[in-house]
Amino acid sequence: MTRSALDTWILELRPARNPVDPMRPYSFLTEEERSREGEIVPVNTVFLTNRECPWRCVMCDLWKNTLTETVPVGAIPAQIDYALARSPAARHIKLYNAGSFFDPLAIPPADYAPIAERLADFEHVIVESHPSLVGENCLRFRDLLSGRLEVAMGLETVHPAVLPRLNKAMTLERFASAAQLLGQNGIDLRAFILVKPPYMGDDEAVEWAQRSLDFAFERGASAATLIPTRGGNGAMEALAFIPPSIAMLEASLSYGIGLAKGRAFADLWDLRRFSKCGICFDARAARLMQMNLQQCILPPVECGACR
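Let me begin by describing the structure that accompanies this report. This one's a predicted model, so the numbers in the text were calculated from it and none came from an experiment.

What follows is about the pattern of salt bridges. Summed over the entire model, instances satisfying the criterion amount to 22 salt bridges. Note that Lys94 is salt-bridged to Glu33, the shortest N-O span being 2.9 Å. Highlighted residues: Lys94 in strand 3 (residues 92-96) and Glu33 in strand 1 (residues 27-34), separated in sequence by 61 residues. Across the pair, exposure class does not vary: Lys94 and Glu33 are buried alike. Residues Arg284 and Glu250 are paired through a salt bridge, measuring 2.7 Å at the closest nitrogen-oxygen approach. In this pair, Arg284 sits in helix 9 (residues 281-294) while Glu250 sits in helix 8 (residues 246-259), placing the two residues 34 residues apart along the sequence.

Here we come to the packing of helix 6 (residues 202-218) against helix 8. Packing of helix 6 against helix 8 leaves a shortest axis separation of 10 Å and a crossing angle of 25°. With respect to their mutual orientation, helix 6 and helix 8 come out roughly parallel. Crossing handedness for the pair helix 6 and helix 8: right-handed. Between helix 6 and helix 8, the residues in contact are Asp202, Ala205, Val206, Ala209, Gln210, Leu213, Asp214 and Phe217 and Met248, Ala251, Ser252, Tyr255, Gly256 and Leu259, respectively.

Turning next to the packing of aromatic side chains. Scanning the model with the defined rule gives 10 aromatic pairs in all. Plain terms: the ring middles of Phe47 and Tyr96 are 6.5 Å apart, the flat faces sit at 65° to each other, and that makes the pair edge-to-face. Of this pair, Phe47 sits in strand 2 (residues 40-47) while Tyr96 sits in strand 3, and the two are 49 residues apart along the sequence. The class for Tyr96 is buried, based on a relative accessible area of 11%. Arranged with centres 6.1 Å apart and planes meeting at 55°, the rings of Phe175 and Phe215 form a pair that is tilted.

Criteria and thresholds
- Residues numbered from 1 in each chain as written.
- Predicted model: local features only at pLDDT ≥ 70, side-chain atom pairs only at ≥ 80, totals over all residues.
- Heavy atoms only, no water.
- Salt bridge = Lys/Arg side-chain N within 4 Å of Asp/Glu carboxyl O.
- Helix = DSSP H or I, 4+ residues; strand = E, 2+ residues; numbered from the N terminus.
- Buried < 20%, exposed > 50% of the residue type's maximum accessible area, 1.4 Å probe, protein only.
- Axes fitted to C-alpha atoms, helices over the stretch in contact; angles between N-to-C directions.
- Parallel < 35°, antiparallel > 145°, perpendicular 65-115°, else oblique.
- Left-handed = near helix turned anticlockwise from the far one by under 90°.
- Contact = heavy atoms within 4.5 Å.
- Phe/Tyr/Trp six-rings, centres within 6.5 Å; stacked < 30°, edge-to-face > 60°.

Take a look at the structure:
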């Protein structure tokens, strides 16, 4: 299937978008994270409202909180103002935008300087981007910041047959090239890795998450976040996708931490959907949280009900 045909198929299967306001972030929160220096620090995370990403990945559901048009100049700074006025003080901030920060149709470049002004007190700024958009705009934004920039890129998987089928329009060579540019310019790299992406069976999910961690750290990532792949976007249901188990996430995280080549994190958002046991879930979720923070492998939770 061509990319155009796959785009059409994905769009036809989508449910409705959520209503969002271009002058407000669609969400914001504060969470704890282990920094590259080994501290456990509060991180303000702002989920910016902007135009949908131009790439339509098979597994993506982030478009649900996006717009169909570019926001007006000044809207993104206003969204940041709104979130920070309602958030506790922090030295670290994530600006996530359901796409690429360096997509000019998502974040107007005219807003880079006003955004940087609002981030003057932050030591560490994390944004996300498709590898194809890591270039001059990235370096320009870095130069405007008073703190250190980190760019999170979706590696997804290094499986040679699965990655091309995700409709991400990215190769491992493209990811490696973007990672090299970041490293050469003093910009940190965070990789997003899917645990059991579509088109992958249960029996190989952990192995390929591990291989993807190897690739990310070998390319200079200072952090890698493991995301259990979820359904709910229409396309995944059409593929009869079966989500990964919490055990797959646990095994993948243990491997990543054991490498000791960078921080490995498990994405714990909506984690309950990946557990079939109500007896041990709370203990397993707490273990994963502590492993994220401590970056050490803790004893597994024993459960007589699900073993």
